[in-house]
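Coordinate analysis (summary)
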Amino acid sequence: EPPESEDKLQVAVVSKAPPDIVQSNYIPMFKWASQGALEPIDAYLGPDGKADLHDWARDGSTYQGKLYQWPWMLNPTGLVVNASLFDERNARHLLPKPGIGADWTIEQFRQALRAVTYSDASGEVYGIAILAGSTGGDYWQIMYLWGHGAELYSPDESQVVICSLEGIQGMQFLADLVHRDRVVAPGADKMTYDDNLKLFLSKRVAMIGGSPNTIGAVARGFKDGSIPPPFEALFFPPPHAPGKKPAAFVAIQGHLVFKVDDPARRDAAMALGKFLTGPESQKTITPIGELPVRKSVGNIYPDDINRTTALGIIVNNYARSMGRFPENGEIRKLWQAAAQAVFRNEKSPKEALEQMCRDAVPIMANRTK
């Protein structure tokens, strides 16, 4: 939902006149749950229904031990690759095999970036574009730190712990891609997602952070003639260090039931949420292109290799959170400042992350519990 919709809902909550049920991404859930404005769904979902949810659909919908959202759809993030550029460089073998088990290491990833960084008649082609010009999409940078074994928060999300040895190693990896290997399109500190996408669709970079839905932009480009073939877009999970696992941010769309005084209205809203997110309804979300939250429906995209690959992030439990509390946006701004300082070569990875952890202390001390 757009920010103005969230603001209007907040006014309705304060005025004691919220709607019975709304569709939402999962981030506002924590604010409204902390305000006591939402009804927990546990009793309506039941133990069988809870067991049928993929781990992240369940955990990402939970606040202080209770589910406050009917999880509906999942959208894993990762890397979107123009495999045709790899074909032109005889480097397709450097890409992972698509599918549920798609996997590559940090070193394999680095080799792939080097193979598709070159000059042609039109100018420079880079392996990847990275963005730090906005807080949106910060997970496309942090996923490399997660892949080194770092965590953004402590297990109870009471502290920012990204300045660990593993975090510094992951940030150093990004710094090396920018400053040493020079496989990153210039201006990462100012780039937005739209900037990245423009470079990708114009074939000036071989990969960007994205989701399976990013591939739809390629399909639209073919349709309107703005992208000449060949351009085979593939989705892959992020790379990881030896002995570590891939990790990616996974967005959740769901339905929230607000507290009302009338039990009949509450029960009706719960029944609607249960129906919309139930196993049979899950099979009907294919036109939207996102992934189901329920294990029992299996792979609803058996003929779509990219969404099948994305499902691997879900079933293999690679999902990560950017913070399950209302003030996570303030922490994400600190990450942006740290990333920009590193990409501008103003601070070392260690200096930037340690500054982030120091600046996070008062935010975390005063955050909503």
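Data block above holds the structure.
For the structure given in this document, a descriptive report is provided here.

Let us now look at the sheet that holds strand E5 (residues 78–82). The sheet built from five strands is open, its strands ordered E6-E7-E8-E5-E9 with mixed pairing. Whereas interior strands pair on both sides, the edge strands pair on one side only; in this sheet they are strand E6 (118–120) and strand E9 (233–236). Here the strands of the sheet are splayed against their neighbours by 30° on average, with no regard to which way each runs. Across four bridges, the pairing between E5 and strand E8 (residues 205–210) is antiparallel. Of the residues in E8, the one forming a bridge with Val80 is Ile208. Sheet strands in contact with helix H6 (residues 106–115) are E5, strand E7 (123–129) and E8, and its direction is about 165° off that of E7. Strands in contact with helix H9 (residues 193–201) are E5, E7 and E8; relative to E8, the strand with the most contacts, it is inclined by about 145°.

Moving on, we get to the packing of aromatic side chains. If you walk through the whole model with that rule in mind, you get 15 aromatic pairs. Summarising the aromatic geometry, the rings of Tyr153 and Phe325 are spaced 5.2 Å apart at their centres and angled 80° between planes, so their arrangement reads as edge-to-face. With Tyr153 in the loop between helix H7 (139–146) and helix H8 (165–180) and Phe325 in the loop between strand E12 (319–320) and helix H14 (328–343), this residue pair connects regions lying 172 residues apart in the sequence. Each member of the pair, Tyr153 together with Phe325, is buried. Aromatic side chains Phe200 and Phe231 sit 5.2 Å apart centroid to centroid with 85° between the ring planes, which places their arrangement in the edge-to-face category.

Turning our eyes to something else, we now look at the state of the cysteines. Per the counting criterion, the structure on display carries one disulfide. The partner cysteine of Cys163 in its disulfide is Cys357, sulfur to sulfur 2.2 Å. When the S-S torsion is -115°, as for the bridge of Cys163 with Cys357, the disulfide is left-handed. Of this pair, Cys163 sits in the loop between H7 and H8 while Cys357 sits in helix H15 (residues 349–365), placing them 194 residues apart in sequence.

Our next topic: the pattern of salt bridges. On inspection of all chains with the given rule, the structure shows 22 salt bridges. Note that Lys50 is salt-bridged to Asp42, the shortest N-O span being 3.1 Å. Note on Asp42: relative accessible area 21%, which makes it partly exposed. A salt bridge links Asp181 to Arg180; its shortest N-O distance comes to 3.2 Å. A single network of salt bridges, built from pairs that share partners, joins Glu107, Arg110, Arg114, Asp176, Arg180 and Asp181.

What counts and how
Residues numbered from 1 in each chain as written. Predicted model: local features only at pLDDT ≥ 70, side-chain atom pairs only at ≥ 80, totals over all residues. Heavy atoms only, no water. Pairing = 2+ DSSP bridges. Helix = DSSP H or I, 4+ residues; strand = E, 2+ residues; numbered from the N terminus. Axes fitted to C-alpha atoms, helices over the stretch in contact; angles between N-to-C directions. Contact = heavy atoms within 4.5 Å. Phe/Tyr/Trp six-rings, centres within 6.5 Å; stacked < 30°, edge-to-face > 60°. Buried < 20%, exposed > 50% of the residue type's maximum accessible area, 1.4 Å probe, protein only. Disulfide = S-S within 2.5 Å. Salt bridge = Lys/Arg side-chain N within 4 Å of Asp/Glu carboxyl O.

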